[in-house]
Amino acid sequence: MQQGGNRQTEKLMLERSVPGRVGVVLPDLDVPAQPLPDNALLRDDLALPELSEPELVQYFTGLSLKNFSIDTHFYPLGSCTMKYNPKINDEVAFSPGFASIHPMQPAEHSQGALELLHKLQGFLGEITGLPAVSLATLAGAHGELGGMLMIRAHHLANGDTTRTKVAIPDSAHGTNPASAAMAGFDVVELASDEQGNVDLNALRAVSGPDLAGVMITLPSTLGLFDTHIVEVCNIVHEAGGLVYGDGANMNALLGRVKLGDLGFDVAHLNLHKTFSTPHGGGGPGAGPVCCTNQLAPYLAAPIVSQNGDSYEFSTPAKSIGKLSGFHGNFGVLVRAYTYIRTLGDAGIKSISGNAVLSANYMMNALRGVYHLPFDRTCMHEAVFSADFQKERGSSGLEIAKRLLDYGFHAPTMYFPLIVHEALMIEPTESETKETIDAFIQALIDIDQEVTDDKDLVNNAPHTTPVARLDEAKAARQPDLRWQPEAAD
Amino acid sequence: MSPDDRKYTEEHEWVMIDGSDDGTAIAGITEYAQDQLGDIVFFELPKIGDSVAHLGKMGEVESVKAVSDLFSPINGTVTEINEKLLDHPELVNEDPFGEGWIIKVAMADVTELDSLMSSQDYDTFIAGL
Amino acid sequence: MTATRPNTPIANEGHFQSHYIPSTVDEQSEMLSALGIDNIDQLFADIPVEFRNPHLDLPAPLSELEIQQELGRMASKNRAMGSGPSFLGAGSYNHFIPSIIKSLITRGEFITAYTPYQAEASQGTLQVIYEFQTLICNLYGMEVANAGMYDGATSLAEAALMACRVTKREKVALADSISPAYIDVIRTYCQSQDIAVEIVDPSNPALGEETACLVLQYPNYFGYIEDLEALVDATHVQGALAVVSCDPTAMGMLQTPGHYGADIVTGDGQPLGIPVSYGGPYVGLFATKQEYIRQMPSRLSGRTIDKNGKTGYVLTLQTREQHIRRERATSNICTNEALYALASTIYMAAMGKQGMKQVAELCYHKSHYAAAQIASLPGYSLPIDKPFFQEFVVQCPSSPTDINKKLIDLNILGGLDVSEKIPDGMLLCVTEMNSKDDIDALVAALSELK
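This one's a predicted model, so the numbers in the text were calculated from it and none came from an experiment.

Details of the overall build of chain B
Point 1. When its secondary structure is counted, chain B shows four helices and nine strands.
Point 2. The helix and strand sequence of chain B, counted from the amino end, reads β-β-β-α-β-β-β-β-β-α-α-β-α.
Point 3. At 13 Å, chain B has a C-alpha radius of gyration in line with the 14 Å of a compact globule built from 129 residues.
Point 4. When its C-alpha atoms are laid out on the principal axes, chain B stretches across 35 × 35 × 25 Å.
Point 5. Long-range contacts, defined here as pairs at least 24 residues apart, represent 60% of the contacts in chain B between residues at least 6 apart.
Point 6. For chain B, the accessible area works out to roughly 6100 Å², and carbon and sulfur atoms hold 48% of it.
Point 7. Once the 7 positive and 28 negative side-chain charges of chain B are each reduced to a mean point, those two points are 4 Å apart.

So, helix 12 (residues 436-448) of chain C
Residues and elements named next belong to chain C.
Point 1. Between its first and last C-alpha, helix 12 extends 19 Å over 13 residues, near the 18 Å set by a 1.5 Å rise per residue.
Point 2. Along helix 12, the residues classified as buried are Asp438, Ile439, Leu442, Val443, Ala445 and Leu446. Buried residues along helix 12 cover an arc of 165 degrees about the axis, so they all sit on one side. Away from its buried face, by an angle of more than 90 degrees, helix 12 presents the exposed residues Asp437 and Glu448.
Point 3. Looking at the buried positions of helix 12, the neighbouring elements they touch are helix 10 (338-375), helix 11 (400-409) and strand 14 (425-429).

Remarks on the interface of chain C and chain A
Point 1. Taken residue by residue, the interface counts 181 residues in chain C and 199 residues in chain A.
Point 2. Both faces considered, chain C and chain A share a buried interface measuring about 16500 Å² in area, 63% of it formed by carbon and sulfur atoms.
Point 3. Area buried by chain C at its contact with chain A is led by Tyr20(C), Glu120(C) and Tyr278(C), which between them contribute 6% of it.
Point 4. Counting the contacts that link chain C with chain A gives nine salt bridges.
Point 5. In this structure, Glu115(A) engages Lys77(C) in a salt bridge whose closest nitrogen and oxygen atoms are separated by 3.2 Å.
Point 6. One can count 96 residue pairs in polar contact (both at pLDDT 80 or more) joining chain C with chain A.
Point 7. The dominant element in the side of chain C that touches chain A, judged by the number of residues it contributes, is helix 10 of chain C, at 23 residues.
Point 8. Considered class by class, the residues forming the side of chain C that touches chain A number 91 nonpolar, 57 polar and 33 charged.

A short note on helix 10 of chain C
Point 1. Taking 1.5 Å of rise per residue, the 38 residues of helix 10 of chain C would be expected to cover 56 Å, yet its terminal C-alpha atoms sit only 42 Å apart, more than 12% below that figure.
Point 2. Maximal helix bending in helix 10 of chain C amounts to about 95 degrees, located at Gly352(C).

Let's talk about the domain arrangement of chain A
All names here are of chain A.
Point 1. Its domain assignment divides chain A into domain 1 (89-343) and domain 2 (345-464).
Point 2. For domain 1 and domain 2, the distance between their C-alpha centres works out to 29 Å.
Point 3. Counting residues at the interface gives 29 residues for domain 1 and 24 residues for domain 2.
Point 4. Interface of domain 1 and domain 2: buried area, both sides summed, is about 2100 Å²; carbon and sulfur atoms make up 63% of it.
Point 5. Counting the surface domain 1 buries against domain 2, the share from its top three residues, Leu222, Asn251 and Leu343, is 27%.
Point 6. Our count for the contact surface shared by domain 1 and domain 2 stands at zero salt bridges.

A few points about the sheet that holds strand 14 of chain C
Residue and element names in this part refer to chain C.
Point 1. Read across the sheet, three strands follow the order 12-14-13 without closing on themselves; strand pairing throughout is antiparallel. Here the strands that pair on one side only, and so sit at the sheet edges, are strand 12 (391-395) and strand 13 (416-417).
Point 2. Across two bridges, strand 13 lies against strand 14 in antiparallel orientation. Of the residues in strand 14, the one forming a bridge with Asp417 is Met426.
Point 3. Most of the contacts of helix 11 go to strand 14, to which it runs at about 45 degrees, and overall it touches strand 13 and strand 14.

With respect to the interface of chain B and chain A
Point 1. Contacts between chain B and chain A engage eight residues on the former and four residues on the latter.
Point 2. Between chain B and chain A the total buried area reaches about 490 Å² when both faces are included, carbon and sulfur atoms providing 53% of it.
Point 3. The residue Glu471(A) makes a salt bridge to Lys65(B) at a minimum N-O spacing of 3.5 Å.
Point 4. On the surface where chain B and chain A come into contact, there are two residue pairs in polar contact (both at pLDDT 80 or more).
Point 5. Breaking the side of chain B that touches chain A down by element, the ones donating at least two residues are strand 4 (40-44) and helix 3 (90-94) of chain B.

A look at the pattern of salt bridges
Point 1. Overall, the coordinates contain 48 salt bridges over all chains when judged by the stated rule.
Point 2. In this structure, Arg21(A) and Glu55(A) form a salt bridge, with 2.7 Å as the shortest nitrogen-oxygen distance. Of this pair, Arg21(A) sits in the loop between helix 1 (13-16) and helix 2 (53-64) while Glu55(A) is found in helix 2, placing the two residues 34 residues apart along the sequence.
Point 3. Exposure remark for Glu55(A): the relative accessible area of 18% places this residue in the buried category.
Point 4. Taking the shortest distance from any N to any O, the salt bridge between Lys357(C) and Glu361(C) comes out at 3.3 Å. With Lys357(C) and Glu361(C) both in helix 10 and four residues apart, this pair spans about one turn of that helix.
Point 5. Through salt bridges with shared partners, a single ionic network connects Lys57(B), Glu60(B), Glu62(B), Asp69(B), Arg294(C), Arg325(C) and Arg328(C).

Brief notes about the confidence of the model for chain B
Point 1. Confidence along chain B averages 92 in pLDDT terms, with 99% of residues attaining 70 or more.
Point 2. Per-element mean pLDDT across chain B ranges from 92 in strand 7 (residues 66-71) of chain B up to 96 in helix 3 of chain B.

Considering the packing of helix 6 (residues 140-157) of chain A against helix 7 (residues 175-182) of chain A
All names here are of chain A.
Point 1. Running from N to C, helix 6 and helix 7 point in directions that differ by 45 degrees, and their axes come no closer than 9 Å. With respect to helix 7, the axis of helix 6 lies oblique. In the crossing of helix 6 with helix 7, the sense of the turn from one axis to the other is right-handed. For the pair helix 6 and helix 7, the contacting residues are Ala141, Glu144, Leu145 and Met148 in the first and Thr175, Asn176, Ser179, Ala180 and Met182 in the second.
Point 2. Considering only residue class, the contact of helix 6 with helix 7 consists of five nonpolar, three polar and one charged.

Considerations on the nonpolar core
Point 1. In this structure, Phe60(A) and Phe392(C) are the most contacted members of the largest nonpolar core, which totals 197 residues.
Point 2. A total of 21 residues in this core trace back to one element, the largest contributor, which is helix 10 of chain C.
Point 3. Beyond its immediate chain neighbours, meaning those up to four positions away, Phe60(A) contacts Met13(A), Leu104(C), Phe110(C), Val128(C), Leu342(C), Thr345(C) and Ile346(C).
Point 4. Residues Ile127(A), Leu259(A), Ile340(A) and Val457(A) belong to the second largest nonpolar core, which totals 119 residues.

Rules behind the numbers
- Residues numbered from 1 in each chain as written.
- Chains lettered and ligands numbered in written order.
- Predicted model: local features only at pLDDT ≥ 70, side-chain atom pairs only at ≥ 80, totals over all residues.
- Heavy atoms only, no water.
- Helix = DSSP H or I, 4+ residues; strand = E, 2+ residues; numbered from the N terminus.
- Rg over C-alpha atoms; globule rule 2.2 N^0.38 Å.
- Contact = heavy atoms within 4.5 Å.
- Areas by Shrake-Rupley, 256 points an atom, 1.4 Å probe, with all protein chains shown as cover.
- Lys, Arg positive; Asp, Glu negative; His and termini not counted.
- Charge placed at Lys NZ, Arg CZ, Asp CG, Glu CD.
- Expected span 1.5 Å × (residues − 1).
- Buried < 20%, exposed > 50% of the residue type's maximum accessible area, 1.4 Å probe, protein only.
- Arc of directions from axis to C-beta.
- Buried area = accessible area lost by both parts, 1.4 Å probe.
- Salt bridge = Lys/Arg side-chain N within 4 Å of Asp/Glu carboxyl O.
- Polar contact = N/O pair within 3.5 Å; in protein donor to acceptor, adjacent residues only side chain to side chain.
- Nonpolar A, V, L, I, M, F, W, Y, C, P; charged D, E, K, R; others polar.
- Bend = angle between axes of the 7 residues up to and from the residue.
- Domains from an automatic or database assignment.
- Pairing = 2+ DSSP bridges.
- Axes fitted to C-alpha atoms, helices over the stretch in contact; angles between N-to-C directions.
- pLDDT = per-residue confidence, 0-100.
- Parallel < 35°, antiparallel > 145°, perpendicular 65-115°, else oblique.
- Left-handed = near helix turned anticlockwise from the far one by under 90°.
- Core = buried A, V, L, I, M, F, W, Y, C linked by side-chain atoms within 4.5 Å.

What follows is the structure in structure tokens.
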């Protein structure tokens, strides 16, 4: 038997289409046919495939086998928190009582959904220490946009029209500056100090009457808890600014510390990272925004309120408005609720403990083999540099690609930008010690390969469905859809 | 060694008077710059007639995973752009000092070139990076 | 059950053995000793001690059995679309979903994969996105489509922002016949960017030289088919872009926005095999002309070759995106709705050339049958005399909200009350899911309600 099945997937659907085949049989029209509109309003042709159901199932199953995934491979992508995605979560989200309810149906016929949302608001407010919550934003970056619009609205409501700048550490995800810019702010980059913390002098230098706020990822993308964090919040607050928290790395902090206690004013969470909802190959996610009571009036609409025994949607008094078509990514919210309810108070804290323990265990085992630019206790992820290997002729990219041959997904590479040849590794709490040990051994073996057989590493991967792809060709002559004339 | 028939900036552009003797300069990016950028996939260039200013942004160059600003080495008005780059940006990787030139500019003051780096100065500059 | 769980103290920290976390107490001790410490809490020493280990007021853990029971109780308080005749649409549509979609999208290889940045390990997802881009282009009659946005509302807002970038203008004109939710979301997106939002009457849209785009919905929010040809032409005369939010189901039948020269076409992909799910997750559709490709937001999958000459797919033109261009990116979007782009790709393929047309025709004939039956009832009329697709407005003899309350007592989910826009107007939606019996039951019920 060929590994991974042998259904052919090379031909695209329109290439394999055979006139007359159907993938679905629909019922006959059971009402009298009605007059059609003017022919000019109707289209002539619709180029969609003609394929039968078995062909479709085989094609898509075949394609799925060309992916690495959490269920099939260890996937230690730093900053992405690729933890196990519980199956019960999907089952619940797809059940008719949740999946088949219409977003505009009356509240009295959606009380179960509203109760779930209200309770989830409460859970997330408790976990972050930021008690007011809107679930309406659809991804992490979407939450960032919402949070930054709230900061803008807060300053404007105070008649503070000069606060145009937002300071963001140089280690931040690209979404931070992009979201701040979408919210109308000018971005100022903040340097990190030698310990990987925010450079307080750099922060003081930008903290003036034009500072709207800062965006801080905690722990930082270096996988480190910023030991100055309380002072960072104080400096910004004294200057009249607000502190935004990027919750992408919350897996490290669950139950260990609350962002609100540290002085954060508003933060988003990535339910598709910390709260186990599946990434789906790039989404859907959900990026709820949590904030202080002071900022609560600005939250994106809608939020869920309790009114006696019943629940209803409401719009906060000074809301920045709607950011999505309906009420948020409900199916994702159901999954996160299920996860938090399953783990409960003890389990939530057990996540961060085990995630941080695994990351430190791995970091410790690889110390000396791979360069550690910030050699201190890490949180949920460890950031190495491939500088040692680069000196011998293999870059971080090549080591990452070689890991694929060992059956491990590559770590995050070349990020954060301030670490040369960065390899950012996040094992998560849901991997066994055996897997982590095997991964450590693979990285040690690859280091040896760099010395013994550099070409083996530099031409990797050798075992994946395709070898390294010509990205320059893809960008110079973009081929973004199949067209008949382009076919062979 | 960078060619000694032209001048250089710290932003890794080169510039030289073209043969026409009417104050038109031709400019591009250096070998060092193309090597740092890697495979170039796209140029965003100014339009003919646009004014450009010394070390002012005049366009962008994209590689697969980076975007960099292009700065004008001189003051003047754009008289021509290298249209070939729109379809074949790789010309700059292949021949940055020749076929991969980027723009031609009518200079306001040709003596401006005197303030730029010589090839020798530029080579010393990049050796220190 | 809670009582039987192990609660072994480990180094001053209560141990909880979750079925999602493999490490046992012994393994934790082994890892701790490798680090030369005896206590997990020591790993958190960088957290200021006064804030460390706060009280966490969350409920106790539940077993899977208990979770199923709790969520089952919550779900039972919600009325599902399938539990009786349902005629609510207004941006979220009840359509038939072939079984293969859930079966395929819940395969671990798809649902538990990350964004396909590591191309060699993500060829499945990347080829799916390429298929999605191809089929969306064909559906809308456009040249390029991206890998998807969050939903129909955010797609349209991003299209309005893109039109401003392309035209270097700062005013967007929205037809008053687009969804009120879409208008709200566009306003939220534009509020901080000094972009003026103007609501115009599509029968006479006053556009000027400052207008970046005219934003239309097709069919419009009330279900009716705008004169796209004239509106697109009028927009182009002003040097503005025509932005059209388009119901993909209608494309089984109606002429495409691309045919009329639309510059950016967006939509909500929900009708393409995605459950209504109380409003999300859906997928935003986004297509445009080749010339505007570098101003497009969100991911693109491109076909290329590997170093051995074999065909493969990669994320491409990434310099537009936030992870490279940061504050100058075309959008901040990162995570989108890839799993539901997959669902809609499977849907379009399963329905195929014939099925998409058939679904559209079923919706068309059934909704027109329903409209004709209701219009024949005393007190009810159709206030808008334009061609429509699957939604239409009925003028009721009394408040539509009151009528809906009586309908739901009969287990019929009525249409949306749009009386703010159209006096006593109810926006009804009829799809292939509504049998003739459903429609006749609605008509019979309405005839009793005045």
